[in-house]
Amino acid sequence: MKFRPLHDRVLVKRVEQDQKTAGGIIIPDSAQEKPMEGKVVAAGSGHKSEDGTVTTLDVKAGDNILFGKWSGTEVKIDGDDLLIMKESDILGIIESGKKKKK
């Protein structure tokens, strides 16, 4: 199934966190908090204003993002647990620390 979010909504897949502490203790699923980091799977066309102009989104498919703890609506698409949220629920884009050589 293909899914395309509308307007300013974004489809996000949570990034899995480590299930082990630094000391080597394994944390069971029931005790783990849901990660607040994810990867954008698909993004809508943008926010429509009252005059009909469309403002494109700052995020795009493939971006790694950080979002609020209670953000979005959980959905299951093709067996994957995903989140649908508005762009305003996204706190920021996580950029890789690699610098380009000149």
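Reading the values: the criteria
- Residues numbered from 1 in each chain as written.
- Predicted model: local features only at pLDDT ≥ 70, side-chain atom pairs only at ≥ 80, totals over all residues.
- Heavy atoms only, no water.
- Pairing = 2+ DSSP bridges.
- Helix = DSSP H or I, 4+ residues; strand = E, 2+ residues; numbered from the N terminus.
- Axes fitted to C-alpha atoms, helices over the stretch in contact; angles between N-to-C directions.
- Patch = residues over 30% accessible without salt bridge, like charges linked within 9 Å, V, L, I, M, F, W, Y side chains within 5 Å.
- Areas by Shrake-Rupley, 256 points an atom, 1.4 Å probe, with all protein chains shown as cover.
- Salt bridge = Lys/Arg side-chain N within 4 Å of Asp/Glu carboxyl O.
- Buried < 20%, exposed > 50% of the residue type's maximum accessible area, 1.4 Å probe, protein only.
- Polar contact = N/O pair within 3.5 Å; in protein donor to acceptor, adjacent residues only side chain to side chain.
- Core = buried A, V, L, I, M, F, W, Y, C linked by side-chain atoms within 4.5 Å.

**Some thoughts on the sheet that holds strand S5 (residues 64-67)**
Next, step 1: The strand order across the open sheet formed by six strands is S6-S7-S1-S2-S5-S8, and the pairing between neighbours is antiparallel. Because the sheet does not close on itself, it has two edges, and the strands there are strand S6 (73-77) and strand S8 (90-94). The average undirected angle you get between the axes of adjacent strands in this sheet is 45°.
Next, step 2: Pairing of S6 with strand S7 (residues 80-86) involves five bridges; the strand directions are antiparallel. Pairing of lysine 76 across the sheet is with aspartate 81, part of S7.

**Re the pairing of S7**
Next, step 1: Looking at chain direction, strand S1 (residues 9-14) and S7 are connected through four bridges and run antiparallel. In the sheet register, valine 12 faces S7, and the bridge partner there is leucine 83.
Next, step 2: In this antiparallel pair of consecutive strands, S6 and S7, the connection spans two residues, and aspartate 78 shows a positive phi of 50°.

**Things to note about a nonpolar patch on the surface**
Next, step 1: On the surface, Met36, Leu66, Leu91 and Ile94 cluster together into a nonpolar patch covering about 340 Å² of accessible area.
Next, step 2: A residue is classified by how much of its surface remains accessible, and isoleucine 94, at 35% relative accessible area, is partly exposed.

**Description of the side chain of serine 71**
Next, step 1: On the secondary structure map, serine 71 appears in the loop between S5 and S6.
Next, step 2: Among the polar contacts listed, one links the side chain of serine 71 to the backbone nitrogen of glycine 68, at a separation of 3.2 Å.

**A few points about the nonpolar core**
Across soluble globular proteins, you tend to see nonpolar side chains buried next to one another.
Next, step 1: The biggest cluster of nonpolar side chains holds 10 residues, and these are Val10, Val12, Val40, Leu57, Val59, Ile65, Phe67, Leu83, Met85 and Ile90.
Next, step 2: Secondary-structure elements contributing two or more residues to this core are S1, S5 and S7.
Next, step 3: Membership of the second largest hydrophobic core comes to five residues, among which are Leu11, Ala42, Ile77 and Leu82.

**With respect to the pattern of salt bridges**
Next, step 1: The final tally for this structure, using the stated rule, is three salt bridges.
Next, step 2: Two residues, aspartate 63 and lysine 60, come together in a salt bridge whose shortest N-O distance is 3.2 Å.
Next, step 3: On the basis of relative accessible area, aspartate 63 is assigned to the buried category, the value being 10%.

**What about unusual backbone geometry?**
Next, step 1: Backbone geometry places histidine 7, a non-glycine residue, at a positive phi of 50°.
Next, step 2: Structurally, the position occupied by histidine 7 is in the segment before S1.
Next, step 3: Given a relative accessible area of 35%, histidine 7 falls into the partly exposed group.
Next, step 4: One non-glycine residue, aspartate 78, lies in the positive phi region at around 50°.
Next, step 5: By the secondary structure assignment, aspartate 78 is in the loop between S6 and S7.

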